[in-house]
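Inside the fold
Here is what each chain is made of, one letter per residue.
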Amino acid sequence: MPDSLTALSHVTVSPDYHTLCERVADRIVELVLSKPDAVLGLATGATPKGVYQALIRRHQEQRLDFSRVTCFNLDEYYPMSPDSPHSYHSFMRENLFSSLEVRQWSVPGGEPRGPEQIERDCLAYEAAIREAGGIDLQLLGIGRTGHIGFNEPGSPRGSRTRLVTLDPVTRHDAAPDFGGMENVPTQAVTVGLATIFEARAIVLMASGKSKADIVRRALTGVVTEDVPASLLQNIDRVRYFLDSDAAERL
Ligand code: GLP
């Protein structure tokens, strides 16, 4: 079966953003119930915010226990202090971890430092994921360039956690949060594609008409490093959760 047909058979389309987030939360809850010490790979951006709200609600209302779960985030801007309101560290604290107790959560380091130290820290992040037993479920959003994490077009499929340069489209999309594109960092630290692809389950979610074109290219287009999310077509363990707007060009 051609890869794009496999990808399409793994799509769940929800009528709206709320339902999309509930379905993705269901998938995460199912994992945590069957494996209370699960390792989650988490993403930032507007898309997963509703999933995090759903997880917090289920924790509060249904007493779902996440206290043995370990979380690794995908990426962080560089340079970026973890205390900055723009950091993904702050994003995760505000949107999830201030309300949900987990065993441990980590975000790649964005503090300015020399290239050798960055490399050592990236290796240590990879080692920490391995020592935790690997990622059970990796949650992904998708950027308009087709990036996953901050693996921009041209990222090698064998790439590991590293410092990368952001695509101008990605910086343009982040500009409103930073009060102008000139304030958006030009670099980031991201978990690599090979690390993402090793996860035992991968959930890519997308919402809204602005994602419809890249969703079409990622799921039905040529499998190429020029559209990093298209490489997921080669992986059977990927499930795509879309709302009807993001799915409208499939
Ligand atoms: C950022 C993140 C990605 C995320 C993407 C899409 O670039 N590094 O992990 O998938 O934004 O963000 P949004 O969900 O806001 O569209």
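Points about the sheet that holds strand β7 (residues 162-165)
Sheet architecture is open: 3 strands sit in the order β4-β8-β7, paired in antiparallel fashion. The sheet is open, and its two edges are formed by β4 (75-78) and β7, each paired on a single side. Across the sheet, the axes of successive neighbouring strands diverge by a mean angle of 30°, strand direction being ignored. Summarising the sheet, β7 and strand β8 (residues 187-190) pair through 4 bridges and their orientation is antiparallel.

Structural notes on the nonpolar core
With 44 residues, the main nonpolar core has V24, L42, V51, Y52 and Y77 as its most contacted residues. Those elements that provide at least two residues to this core are α2 (17-34), β2 (39-42), α3 (49-62), α4 (88-97), β6 (137-140), α6 (168-178) and β9 (202-206). At 8 residues, the largest contribution of residues to this core is made by α2. Setting aside chain neighbours within four positions, we find Y77 in contact with H86, Y88, G110, F150, L166, A174, F178, V184, P185, Q187 and A188. I148, V227, L242 and A247 belong to the second-largest nonpolar core, a separate cluster that totals 33 residues.

Observations regarding the packing of aromatic side chains
One pass over the full model with this rule turns up 6 aromatic pairs. Ring geometry for Y77 and F150: centres 5.3 Å apart, planes at 50°, overall tilted. Placement of Y77 in strand β4 and of F150 in the loop between β6 and β7 is noted, with a sequence separation of 73 residues between them. Ring plane angle 20° and centroid distance 4.4 Å describe the contact between F97 and W105, whose orientation is recorded as stacked. Using a relative accessible area of 10% as the deciding quantity, one classes F97 as buried. An aromatic cluster is built from Y77, Y88, F150 and F178, whose rings are joined through pairwise contacts.

A word on α3
A rise of 1.5 Å per residue sets the reference length of α3, with its 14 residues, at 20 Å; its end C-alpha atoms lie 20 Å apart and thus fit the reference within 8%. Residues of α3 that are buried include every one of G50, V51, Y52, A54, L55, I56 and R58, and no others. Residues of α3 that are buried in the fold lie against α2, β2, α4, β6 and β9. A positive phi of about 55° marks R63, the residue just after α3.

The rules behind the values
- Residues numbered from 1 in each chain as written.
- Predicted model: local features only at pLDDT ≥ 70, side-chain atom pairs only at ≥ 80, totals over all residues.
- Heavy atoms only, no water.
- Pairing = 2+ DSSP bridges.
- Helix = DSSP H or I, 4+ residues; strand = E, 2+ residues; numbered from the N terminus.
- Axes fitted to C-alpha atoms, helices over the stretch in contact; angles between N-to-C directions.
- Core = buried A, V, L, I, M, F, W, Y, C linked by side-chain atoms within 4.5 Å.
- Buried < 20%, exposed > 50% of the residue type's maximum accessible area, 1.4 Å probe, protein only.
- Contact = heavy atoms within 4.5 Å.
- Phe/Tyr/Trp six-rings, centres within 6.5 Å; stacked < 30°, edge-to-face > 60°.
- Expected span 1.5 Å × (residues − 1).

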